[in-house]
Structure formats: structure tokens, C-alpha cells
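Examination of the molecular architecture
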Amino acid sequence: MTLARRIIPCLDVDAGRVVKGIEFEGLRDMGDPAELGARYNREGADELVVLDISASVQGRATFLETIRRVAEKMNIPLTAGGGIRTMEDGRAVLRAGADKVTVNTAAVQRPELISELSQQFGAQAVVLSLDVKRKGYSWEAYTHGGRTATGMDAAQWAAEAVARGAGEILLTSIDRDGTCSGFDCELTARIAQVVPVPVIASGGASTFEDFLAVYTDGRADAALAASIFHQETRSIAAMKQFLAERGVPVRTSR
Amino acid sequence: MKIAIVDYGAGNLPSVERALAKLGAETERAVEPRQIESAEAIVLPGVGHFAAFVAGLRERGLTGPLRAAFDAGKPMLGICLGLQAMFAASDEAPGDAGLGFFPEHVRALPANVKSPHIGWNQLRHTRESTLMRGIPADAYFYFAHSFAAPATAEPTVAACDHGFPFAAVIERGSLRGVQFHPEKSGETGAKVLRNFVESVQ
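Residues numbered from 1 in each chain as written. Chains lettered and ligands numbered in written order. Predicted model: local features only at pLDDT ≥ 70, side-chain atom pairs only at ≥ 80, totals over all residues.

The helix and strand inventory of chain B stands at six helices and 13 strands. By the compact-globule yardstick of 17 Å for 201 residues, chain B fits well, its C-alpha radius of gyration being 15 Å. The long-range share in chain B, meaning contacts at least 24 apart out of those at least 6 apart in sequence, stands at 67%. (Helix = DSSP H or I, 4+ residues; strand = E, 2+ residues; numbered from the N terminus. Rg over C-alpha atoms; globule rule 2.2 N^0.38 Å. Contact = placed C-beta atoms within 7 Å.)

It is worth spelling out the overall build of chain A at this point. For chain A, the count of helices and strands is ten helices and twelve strands. In terms of overall size, chain A behaves like a compact globule, its C-alpha atoms giving a radius of gyration of 17 Å where 254 residues would be expected to give roughly 18 Å. With the principal axes as the frame, chain A shows a C-alpha extent of 45 × 45 × 40 Å. Taken over 254 residues, chain A has a buried fraction of 54%. Long-range contacts, defined here as pairs at least 24 residues apart, represent 65% of the contacts in chain A between residues at least 6 apart. (Buried ≥ 20, exposed ≤ 12 C-beta atoms within 10 Å, placed from the backbone.)

Residues and elements named next belong to chain B. Spatially, β2-β1-β3-β4-β13-β12-β11-β8 is the arrangement adopted by the eight strands of the open sheet, whose pairing is mixed. Strands at the two margins of the open sheet, each flanked by one partner only, are β2 (26–30) and β8 (124–125). Inspection of the sheet shows strand β3 (residues 41–44) paired to strand β4 (residues 76–79) by three bridges, in the parallel sense. By the bridge assignment for β4, Leu44 is matched with Gly78. (Pairing = 2+ DSSP bridges.)

With 29 residues of chain A in contact, the opposing surface of chain B contributes 35 residues. Grouping the amino acids of the side of chain A that touches chain B by side-chain chemistry returns 13 nonpolar, eight polar and eight charged. (Nonpolar A, V, L, I, M, F, W, Y, C, P; charged D, E, K, R; others polar.)

The next thing to look at is unusual backbone geometry. Most peptide bonds take the trans configuration, and most residues that are not glycine carry a negative phi. Here Ser115 of chain B and Pro116 of chain B are connected by a cis peptide whose omega angle stands at 5°. Residue placement: Pro116 of chain B occurs in the loop between β6 (102–108) and β7 (117–122). Of note in the backbone geometry, Ala15 of chain A takes a positive phi value of approximately 50° without being a glycine. Counting through the fold element by element, Ala15 of chain A comes out in the loop between β1 (6–14) and β2 (17–22). Here Ala15 of chain A falls in the partly exposed class, since 16 other C-beta atoms lie within 10 Å of it.

Take helix α8 (residues 208–216) of chain A next. Within α8 of chain A, the full set of buried residues consists of Asp210, Phe211, Leu212, Val214 and Tyr215 of chain A. Close packing links the buried residues of α8 of chain A with α7 (185–194), β11 (199–202), β12 (222–225) and α10 (236–245) of chain A.

We now examine helix α3 (residues 87–95) of chain A. Residues and elements named next belong to chain A. Every buried residue belonging to α3 is among Asp89, Gly90, Val93 and Leu94, and all of these are buried. Looking straight down α3, one finds its buried side chains confined to an arc of 130°; they lie on one side. Turning to α3, the residues buried within the fold contact α2 (60–71), β5 (78–81), β6 (100–103) and α5 (112–121). Residue Gly97 follows α3 closely and has a positive phi angle near 125°. (Arc of directions from axis to C-beta.)

Attention now moves to the nonpolar core. Core analysis: the largest hydrophobic core is formed by 152 residues, its most contacted members being Val101, Ile169, Ile200 and Ala223 of chain A. Non-local contacts of Val101 of chain A, meaning those with residues more than four positions away in its chain, are made with Ala80, Gly81, Ile84, Gly90, Val93, Leu94, Leu117, Ala125, Val126 and Val127 of chain A. (Core = buried A, V, L, I, M, F, W, Y, C linked by C-beta atoms within 7 Å.)

Each strand in a sheet pairs with another by means of backbone hydrogen bonds, the pair being arranged parallel or else antiparallel. Residues and elements named next belong to chain B. Judged by pairing direction, the sheet is mixed, and its three strands sit side by side in the order β5-β6-β10 without closing on themselves. The strands lining the two open edges of the sheet, one partner per strand, are β5 (87–90) and β10 (147–148). Pairing of β5 with β6, which is carried by three bridges, proceeds in the parallel orientation. If you follow Phe87 over to β6, its bridge partner there is Phe102.

Turning next to the packing of helix α1 (residues 33–43) of chain A against α2 of chain A. Residues and elements named next belong to chain A. Closest axis-to-axis distance for the α1/α2 pair is 8 Å, and the angle between their directions is 35°. In this structure, α1 meets α2 at a crossing whose hand is right-handed. Side by side, α1 and α2 meet where Pro33, Ala34 and Gly37 of the first sit next to Thr66, Arg69 and Val70 of the second. When the residues that make up the contact of α1 with α2 are grouped by side-chain class, the tally is three nonpolar, two polar and one charged. (Axes fitted to C-alpha atoms, helices over the stretch in contact; angles between N-to-C directions. Left-handed = near helix turned anticlockwise from the far one by under 90°.)

Let us look at the environment of Gly21 of chain A. Residues and elements named next belong to chain A. Mapped onto the elements of the fold, Gly21 is located in strand β2. A tally of 15 C-beta atoms within 10 Å means that Gly21 is categorised as partly exposed. Each C-alpha atom of the pair Gly21 and Ser138 lies 27 Å from the other, and the pair is 117 residues apart in sequence.

What follows covers the packing of α8 of chain A against α10 of chain A. All names here are of chain A. Where α8 contacts α10, the two axes come as close as 10 Å, and the packing angle between them is 50°. Comparing the axis directions of α8 and α10 gives the class oblique. Once α8 is placed against α10, the crossing between them reads as right-handed. Taking contact as the criterion, the partners of Phe208, Phe211 and Leu212 in α8 are, on α10, Met239, Phe242 and Leu243. For the contact of α8 with α10, the class distribution of residues is six nonpolar, no polar and no charged. (Parallel < 35°, antiparallel > 145°, perpendicular 65-115°, else oblique.)

Quick look at the confidence of the model for chain B now. Summarising the model, chain B shows a mean pLDDT of 95, and 99% of its residues fall at 70 or more. ipTM for the predicted complex: 0.95, alongside a pTM of 0.96. (pLDDT = per-residue confidence, 0-100.)

With that settled, the discussion passes to the environment of Ala189 of chain A. For Ala189 of chain A, the position within the fold is in helix α7. Along the primary structure Ala189 of chain A and Val199 of chain A are separated by ten residues, whereas in three dimensions their C-alpha atoms are 9.1 Å apart.

Another point: the pairing of strand β1 (residues 2–6) of chain B. Note on strand geometry: in a regular strand, side chains alternate between the two faces of the sheet. Residues and elements named next belong to chain B. The element β1 is extensively covered by neighbouring structure, given that four of its five residues are classed as buried. Examined bridge by bridge, β1 and β2 share five bridges and lie parallel to one another. Bridge pairing in β2 places Lys2 opposite Glu26. When β1 meets β3, the two strands line up parallel, connected through three bridges. Within β3, the position partnered with Ile3 by the bridge is Ala41.

Next up, the structure:
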């Protein structure tokens, strides 16, 4: 009897479509969120994350509609976020069918948002999205999609967010994101050590070995990736078999 | 057959409704006593805070009808917080009484493990049950909770370990409960719900 390490595909959504940022090209269309979500649900994903990368006020209704369409196809947990500013934003996302909501920028500006969401919906429904860049021997938290430095130490902010009621940390290494050079295991292990809640590693995944490393050296409870799954170059079932053969507990039954 | 899904004001009902609808069950959101009284079976779903849950039931006048349904042996399924609410009390809200179908206290997960317990875990089956019929012994279920009832509670038919052995599945007579989320536990979870639906038909 062991708690399985989770494999979580992520859908970055803009104007109702799954997109991928390509250097010098802008956004590339990767498909319909409900179709991709259904595929991952079928292929053995342990959870799905849907992020509104436009996070514009005008796009909010479209995003809620996307969550509704994706949630209809799911019988696994669904996490959604991007641009959550208020309690009402969070409520709308959960009402649309998400089980958990992620918060980042607005929580840095007003940490009480975490406490309010947690008191209303429970800690298990509140995920702190923590985007960080390495700064010497530590990491600094960033907001606004990785564009704005906060001056806050990532580990300290993670601990505060958990004390306020965040039930999970979605930890993204901005340095590694999109580089395909593997997760930052040192970072993940550091944060996993200071917070008593599950840590989801994100940023840099490209191989099965990257996942193996982040579950072992990185002490991650879950790991997230986007494009390696969208391109169908890596199947979730094959990854789980690879991990199981190396002693990582994964959910192989459906 | 009509299943009343108790709507106490904070739960994520659509996923439970959708999962039951896929099994061909007719559901209705119960917000007032007569809906509990006329239902053939009751589902108590639940996410959120124990205090909000019991207050939600009280404000809608549902506490008494639920206890009457229990006494009458009406089929009932508690999910997550819905299971916890069937016990006498919880560490999460020390001043608030639960439905009290069972005398145990729901306890906080200890500090030596990650809390909330979030993710897919396996069970230790301690007794035959209707709910777990045909479920493989090594199946995984999705959990998301910070509190749990001790596995020593009499109705426990399957346990899970996270900090302490806790009741993952309970069953006594027509009363059933699961600490995991069957509506979020893939095909295996759907099978558990199917077992419940079939047991009340």
C-alpha cells in the first residue's frame, strides 16, 4: 500500500484552445482542450491541470466554458487556474467543475486570498502556483507569468502560503521551463523539505529519466509536463511502466 | 429509482451527478427534508470544512431527516467529508456534532506525514463488502483529505494508511461510505459507484 507518484499533463489554454509557446513564433495551436483532456484521462493520467495563459478579464468567460467542457470528460481530478484574483474567481472555477484552483500573483499581492479560499473550500482545493528563478544559492518567487520578480525567497513564501491554508505547491522552475534539460531536482527537494504538503514539480521535463529523477532525488509527489505529452512522443502508459520497473510507485490500474 | 444527492451548499456536486448519471441512476439535489424522506437512496458528497457541512445540514433542516433515514435503514453513501460527517465529531470542528451514526471521532492526519493526503492510494481490505465487490485488491483510489476516521471503527471494511490506519471504506447494513472520491477515481471508482447503485435497486 503506497501513495502513488502522480503524472500530470498540463494544458495551457488561450481563447479556448490548447497552445504552446514557440520561440520567435509566438503561440502554436495544439488542439481542443476537451479532446486532449479526454485522451489523457483515457491514457492513465493521474490528474489534469488547465491553465489560462491569457488570464485576461475578457477571456474569463471563455476559460470557464473550457473548464466546463473539460470537466465533463474527466473521471480524474481537475486543477484549473491562471488569473485568479478574487474569492469569486476561485468559486467560479470550482463551480465550473475544477476540483482545485491555483493562485499565484493575486496571492502574493494579498496573501489573505489563500486563507479565504482555504476556509471556504478546504486546503485540498487550494494550490499555490510558485514560479521561481535561481538566485545564487536560493530561489526567488516571480509573478505575472514569470515576468515580475517579487524579492521574496521561494521557500519562505511557500511555507507562508501553506500556513495560510494552501494544500499543495505547483512549483515551476522558470530557468528550466521550455529547455528540455530536466526538472530542477535540487529546487524541488528544497521546497519539499520545508513544506508539509505535496509538491508538484514543473519545468524542463523531456525524458522518462527526468521524471524518475524528480520523484527520487527531487522528492516530488507529482510531476507536470505539457508538450512532451501533446506531441505523442511519450505515452503516459510507457512512462508508468518505466517508472514501475525502477521501483517508483505509480498507479497502473485504471 | 431516485437518489437524493444532499446539497449542503459547498460541495462539488456536478462530478458526482455526472458519474451517477452515467450508470443510469436518476438523481435529485436534496435541499429540503421532504426530498430526503421521499428518496429511495441518499448520497452525502462532501468537500470543504466539517463545520460548514454540519451547519449546512442544520440550516436546511436535514440533520433530523438524515438520522431518521439511517434509523429506517435507507441506503446511504457518504463520500469524503460525507463519510466523516457520519461519525460523532471531528478534530476539524471540535464544538460541532456530526450525524453520530458511529461513535468514533474523526482525527487530523499527524504532522509526520504530508497533509492533505492528496493522490492515488491503495487499500487493505479487512472484510467482504458490497461496495468493493469485484474490485482488484491492488486498485488505486484518489484521496484528498486532511482528516480521517480511525480504521478501528466498527463499520470499516477497507483501510488505508497515512499517518495512522484510517477507514477508507465503511459499510454496515445499508449504510456505506468512502474516504476517497469514487467520482474522481477513474474506472475503478465508477465500479464502486455501480456497486452502490446496484445495491439499492
